[in-house]
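Chain by chain, the residues run as shown.
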Amino acid sequence: MVARIQQLPTLIVNQIAAGEVIERPASVVKELLENSVDAGASRIEIDVEQGGQDLIRLVDDGDGIDPEDLPLAFSNHATSKLRKVDDLFAIGTFGFRGEALASIGGVAHVVLQSRPPGREVGAMIECRGSELSPVRPWNGSPGTRIEVRQLFFNTPVRRKFLRTPATEMGHITEAVTRLALAHPRTDDRPGLHLVLRHQGKSVYEVTRTATLRDRIELFFGSDVANTLYRVEGSAGPVRLKGYICDPSCDRGSARMQYLFVNGRWVRDRSLGHAVQEAFRGLLMTGRYAISFLFLELPPEHVDVNVHPTKSEVRFRHAQSLYHLVYTSVKQALRQGEQLIPRLQVNSASEPLPAVTEPTPPAQGAIPRPTPSYIARQEESRPALPPLPSRAEEPMLPPRLPSRPAVPVAPLPASDTMFEQPASPRVLQLYDCYLVVETQEGMLVIDQHALHERILFEQFKARLNEGSLQTQALLIPEPVDLPGEAAGRVLEQAEALAELGLGVEDFGGGTVLLTRYPVLLGRRSPRAAFLAVVDYLTTQERLPTREVMFNELLSLMACHSAVRSGDRLTPEQIEELLAHRELALDHHHCPHGRPTSLLLSRQELERQFRRA
Ligand code: ADP
Ligand code: MG
């Protein structure tokens, strides 16, 4: 039997289309928001229940829909925005494919109520799994009100893929954030007023007067907003504007590299690469800059019709855009350099002076020194942070109780030829390195890398023994997190509690840090916590518990260790060296970089032709 060709029923057509456009509740929010903006709305309110699975309601004050057009809004390829094929190449609105409402109507129960401002009364229509109700009069205020309930009620597979309400809410927040960033107040027009509520509680409210900087602060906190440098550039008819963040404010993924093309948020690998290239040398490998870039270019220079959700575009002059982004970001960084003194990263020069006669590399030849993990100072921190005296809570944690305290630097007295100093002479250089005189030679220690290693081992040992001590914060510290981060973090609350970090939901993308491991010492637990959050939110899929714990412990160790740039007291130096002897592997930091280099006495003698 040959299968007969048949026209698919509308419901199935719409469900297929929904598969492309409506992936999760956040996709509904994105499409509805864009429709409101296209309708010239100046104020949009969104209410969400259960991460959008139960309800997404959006109310705008835009142009509305004529009652006669209501049924058309839900039919496929029905749009008021595209009239002829030529328009496709000069699109000024968000929508044009006319498939969003049809798709949503195919997989949910939608009530659409609208009243154009000039009309006495409006009208309403319902759509449930592509089935339309008759149009009825509706007596609401001018604008459009749309309610989406029971999302994916007839597509159980989709429904199964939904994550927790907190995670879905995170994605929704991200969609709102993108739209809010794209519509700030400027010199010539007010911004878009946006309200987002979850379960009746306000998550975000952005007012019309909020500038881009205000919006960045609202969504990402003052840490980000206070380290922004303005980016500006142009090439022919193309304009680039926005901000980048100081390199000290980096992230573990490119997620916070926001790019908007003619007001539309897009993802673009090539331009993301341009940003990273401009930051080259200022970020560790695997770290990403934060940027908020806005490109304005003639509509005919960009094809937005390459992706159903329009999150990717094609540029006609991709090469020159790359150049524009690269040079403008570089320029902005130069302006930043003057504002913030920073030690050079990657400035490792050759460790040994050139010698005339070729010398074979001595055993244990000196590797090129690696730049320290944090080789620059954060702007908010004074150059010399006050260190606690020994009487106070020590910055270096107490020694491991399970092991006996070893006298400082027990050097093997294998060679009696040389005189052995009672305790090693130590010099701190550049507030970064400790140079220690030892029997074997001159030992150069990276103070941060070593302390990081010690703390990492202590964390691990105590975790294994179940003796990790935690300290409750007298006043829980609120931490504002972007987008889905809060949801991700709260999902891991149990694992974090095991690691000594107490987190609680405060609502509105804010979590409360209630408890932290004592080992973090006097360092602000906030920084360590932010690093943990960053890790959790940048993993596509979380690794096994063991790998994750190792990663998180090493992050916390890194953030609580003394930094490069910290001037240490003689007592602290002594303590650090004592701990060095106790560490299982004091040669490498948890990231695998060396903690110390040795210039052997033998080598010194050879270099100075004494031997
Ligand atoms: P598109 O946005 O691609 O045109 P949609 O399916 O999203 O397609 O919307 C279909 C049509 O419904 C739009 O072209 C517009 O005329 C109308 N519409 C949808 N939402 C609104 C709204 N909030 N205000 C005014 N008109 C709307
Ligand atoms: Mg649309």
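Residues numbered from 1 in each chain as written. Chains lettered and ligands numbered in written order. Predicted model: local features only at pLDDT ≥ 70, side-chain atom pairs only at ≥ 80, totals over all residues. Heavy atoms only, no water.

## Things to note about the pattern of salt bridges
- This structure, assessed with the given rule, holds 26 salt bridges.
- Across the pair lysine 30 and glutamate 34 runs a salt bridge whose closest N-O atoms are separated by 3.3 Å. Of the two residues, lysine 30 and glutamate 34 are both situated in helix α2 (residues 25-38); the distance of 4 residues between them amounts to about one turn of the helix.
- Residue class for glutamate 34 comes out buried when judged on its relative accessible area of 7%.
- A salt bridge links aspartate 534 to arginine 287, with the shortest nitrogen-to-oxygen separation between them at 3.3 Å. In this pair, aspartate 534 is assigned in helix α14 (residues 525-538) and arginine 287 in the loop between α9 (269-278) and β14 (291-296), connecting sequence segments 247 residues apart. (Salt bridge = Lys/Arg side-chain N within 4 Å of Asp/Glu carboxyl O. Helix = DSSP H or I, 4+ residues; strand = E, 2+ residues; numbered from the N terminus. Buried < 20%, exposed > 50% of the residue type's maximum accessible area, 1.4 Å probe, protein only.)

## Quick word on the nonpolar core
- Formed by 62 residues in total, the largest nonpolar core has its most connected members in Leu194, Ile216, Val224 and Phe292.
- Per element, the largest residue contribution to this core is 7 residues, and it comes from helix α6 (residues 165-182).
- Residue assignment places this core across two domains, with domain 1 (10-209) and domain 2 (221-334) each supplying three or more.
- Residues contacting leucine 194, with those up to four places away along its chain left out, are Leu33, Ile44, Ile46, Val176, Leu179, Ala180, Tyr204, Glu205 and Val206.
- In terms of nonpolar packing, the next biggest core, distinct from the first, is built from 34 residues, Val489, Ala531, Val532 and Ala557 among them. (Core = buried A, V, L, I, M, F, W, Y, C linked by side-chain atoms within 4.5 Å. Domains from an automatic or database assignment. Contact = heavy atoms within 4.5 Å.)

## What about the sheet that holds strand β22 (residues 510-517)?
- Strand order across the open sheet formed by 3 strands is β20-β22-β21, with antiparallel pairing between neighbours. Two strands lie at the open edges of the sheet, namely β20 (470-480) and β21 (502-507), each paired on one side alone. Taken over all neighbouring pairs, the strand axes of this sheet differ in orientation by 20 degrees on average, direction set aside.
- Summarising the sheet, β21 and β22 pair through 5 bridges and their orientation is antiparallel. Bridge pairing in β22 places aspartate 505 opposite valine 511. (Pairing = 2+ DSSP bridges. Axes fitted to C-alpha atoms, helices over the stretch in contact; angles between N-to-C directions.)

## Digging into the packing of aromatic side chains
- On inspection of all chains with the given rule, the structure shows 7 aromatic pairs.
- Seen from their ring centres, tyrosine 258 and phenylalanine 260 are 6.4 Å apart, and the 10 degrees between their planes marks the pair as stacked.
- For phenylalanine 260, a relative accessible area of 1% puts it in the buried group.
- Ring centres of tyrosine 430 and tyrosine 433 lie 6.4 Å apart, and the angle between their planes is 90 degrees; this geometry places the pair in the edge-to-face category.
- Residue classification places tyrosine 430 among the exposed positions, given a relative accessible area of 67%.
- Each residue in the set Phe220, Tyr258, Phe260, Phe292 and Phe294 is aromatic and connected to the rest through ring pairs, giving one cluster.
- Sitting above the plane of the phenylalanine 153 ring, arginine 128 keeps its charged end 4.9 Å from the centroid.
- Just above the ring of tryptophan 265 sits the side chain of arginine 178; from NZ or CZ to the centre is 3.6 Å. (Phe/Tyr/Trp six-rings, centres within 6.5 Å; stacked < 30°, edge-to-face > 60°. Lys NZ or Arg CZ within 6 Å of the ring centre and 35° of its normal.)

## Here's the deal with the sheet that holds strand β19 (residues 441-446)
- One open sheet accounts for 4 strands, arranged β17-β18-β19-β23; its pairing is antiparallel. On the outer flanks of this sheet lie β17 (426-429) and β23 (596-600), each paired with one strand and no other. Along the sheet, successive strands turn relative to each other by an average axial angle of 20 degrees, direction set aside.
- Of the strand pairs in this sheet, β19 and β23 are connected by 5 bridges, and their pairing is antiparallel. Residue pairing across strands places methionine 442 opposite leucine 599, the latter belonging to β23.
- Lying on the sheet, helix α11 (residues 447-465) is in contact with β17, β18 (433-437) and β19; it crosses β19 at an angle near 70 degrees.
- Packed onto the sheet, helix α16 (residues 570-582) meets β17, β18, β19 and β23 and runs at close to 70 degrees relative to β18.

## Concerning the packing of α14 against helix α15 (residues 545-560)
- Contact geometry for α14 and α15: axes closest at 8 Å, N-to-C directions at 150 degrees. The two elements α14 and α15 cross, and the hand of that crossing is right-handed. In contact with Ala527, Ala528, Ala531, Val532, Tyr535 and Leu536 of α14, α15 contributes Met548, Glu551, Leu552, Leu555, Met556 and His559.
- For the contact of α14 with α15, the residue count by class is 10 nonpolar, 1 polar and 1 charged. (Left-handed = near helix turned anticlockwise from the far one by under 90°. Nonpolar A, V, L, I, M, F, W, Y, C, P; charged D, E, K, R; others polar.)

## Section: α9
- The complete set of buried residues in α9 reads Leu271, Gly272, Ala274, Val275, Gln276 and Ala278.
- Its side-chain oxygen 3.2 Å from the backbone nitrogen of serine 270, aspartate 268 forms the N-cap of α9. (Polar contact = N/O pair within 3.5 Å; in protein donor to acceptor, adjacent residues only side chain to side chain.)

## So, the confidence of the model for the protein
- When pLDDT is averaged across the protein, the result is 79; 80% of the residues are at 70 or more.
- The low-confidence segment residues 338-421, where pLDDT is below 50, has 137 contacts with residues more than four positions distant or belonging to other chains. (pLDDT = per-residue confidence, 0-100.)

## Thoughts on a nonpolar patch on the surface
- A grouping of Leu8, Leu11, Ile12, Val13 and Ile16 is seen on the molecular surface, where their side chains present a nonpolar patch of about 370 Å² in accessible area.
- When you line up the elements, isoleucine 16 lands in helix α1 (residues 10-21). (Patch = residues over 30% accessible without salt bridge, like charges linked within 9 Å, V, L, I, M, F, W, Y side chains within 5 Å. Areas by Shrake-Rupley, 256 points an atom, 1.4 Å probe, with all protein chains shown as cover.)

## Details of the packing of α11 against α16
- Contact pair α11 / α16: the axes reach a minimum separation of 10 Å and the direction vectors enclose 55 degrees. Considered as vectors, α11 and α16 are oriented oblique to each other. Considering how the two elements wind past one another, α11 and α16 form a crossing that is left-handed. For the pair α11 and α16, the contacting residues are Gln447, Leu450, His451, Ile454 and Gln458 in the first and Leu576, His579 and Arg580 in the second.
- Tallied by class, residues from the contact of α11 with α16 come to 3 nonpolar, 4 polar and 1 charged. (Parallel < 35°, antiparallel > 145°, perpendicular 65-115°, else oblique.)

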